[in-house]
Amino acid sequence: MTAVTVRRRVAASVEEAWERVTDVVAHGPHVPLTSISLDAPLGLGRTFVARTALGPLGFHDPMTVTGWTPPPAPRPRMRLVKRGRVLGGWAEIDVRPVDGGAEVSWTEEIHPASPLRPLGRPVARLTRRATAAMLDRVLDGVLADLPRMSSPR
């Protein structure tokens, strides 16, 4: 599968945008049927779990932080690797300064985990669309009360 990238520009500091997009527990309400648990502060090597379920049917989606460069780094970045039995893949969230605010860039690739990997190619188009929609909802949700800035064309 090919990675999907979604960007948002907001009139906020890099630090504020970073705090919001790395508050992974706050992502849960914006992903249908999903809750996220984290038992310690997020950082390099930390694993957290997203649980997607409808009643008793569901799955765990553990993710491990494999890259963590918070502010005041010139280009704050977080990289996650999905390590679940159902979903594999990775995500990178970058925050960079722009005139008047910050730009958040979230790139993610999700694919069926082994032994479900043979399903990857047949469901790739659907997975790309679903991933893009999910990233849009999460970024719109966690950045909701920050003024949006237009992106350059």
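Most of strand 7 (residues 101-112) is tucked away, with 12 of its 12 residues classed as buried. Summarising the sheet, strand 1 (residues 4-10) and strand 7 pair through seven bridges and their orientation is antiparallel. Within strand 7, the residue paired with R8 across the bridge is V104. As paired elements, strand 6 (residues 87-98) and strand 7 share 12 bridges and run antiparallel to each other. Its bridge partner lying in strand 7, I93 is registered against W106.

The next thing to look at is the confidence of the model for the chain. When pLDDT is averaged along the chain, the result is 90, and 90% of the positions lie at 70 or above. For the chain, the element scoring lowest by mean pLDDT is helix 2 (residues 120-142), at 81; helix 1 (residues 14-21) scores highest, at 97.

The subject of this paragraph is the pattern of salt bridges. Applying the stated rule across the entire model yields 10 salt bridges. The residue R8 makes a salt bridge to D140 at a minimum N-O spacing of 2.8 Å. Note that R8 is positioned in strand 1 and D140 in helix 2, a separation of 132 residues in sequence. As a salt-bridge pair, R20 and E16 come within 3.0 Å of each other at their nearest N and O atoms. Remark: E16 and R20 occur in helix 1; sequence separation between them is four residues, near one turn of the helix. A residue is classified by how much of its surface remains accessible, and E16, at 33% relative accessible area, is partly exposed. One connected set of salt bridges, linked through shared partners, spans R8, D136, D140 and R148.

Most of strand 1 sits out of view: five of its seven residues are buried. Across two bridges, the pairing between strand 1 and strand 8 (residues 148-149) is antiparallel. Within the sheet, the bridge partner assigned to R9 lies in strand 8 and is M149.

Bringing the environment of W68 into the picture now. Looking at where W68 falls in the secondary structure, it is placed in strand 4 (residues 57-69). In this structure, W68 is in contact with W18, T22, L42, G43, L44, R77 and M78, ignoring residues within four places of it in sequence.

About the thresholds
- Every chain is numbered on its own, with residues counted from 1 as its sequence reads.
- A pLDDT threshold of at least 70 governs which residues receive local features in this predicted model, and a stricter bar of 80 or more applies before side-chain atom pairs are shown or counted, although totals over entire chains, interfaces and linings include all residues.
- Excluding hydrogens and water, the side-chain values take into account all heavy atoms of the structure.
- The classification of residues rests on relative accessible area computed with a 1.4 Å probe and restricted to protein chains. Under 20% of the type maximum is buried, over 50% is exposed, and intermediate values are partly exposed.
- For the purposes of this entry, the term helix denotes a DSSP run of H or I that reaches at least four residues, the term strand denotes a run of E that reaches at least two, and both are numbered from the N terminus.
- Strand pairing is defined by DSSP finding a minimum of two bridges between the two strands.
- Per-residue confidence from the predictor is reported as pLDDT, which spans 0 to 100.
- The rule for a salt bridge is simple: a side-chain nitrogen of Lys or Arg has to be within 4 Å of a carboxyl oxygen of Asp or Glu.
- When checking whether two residues touch, look at their non-hydrogen atoms; a contact exists if any pair is within 4.5 Å.

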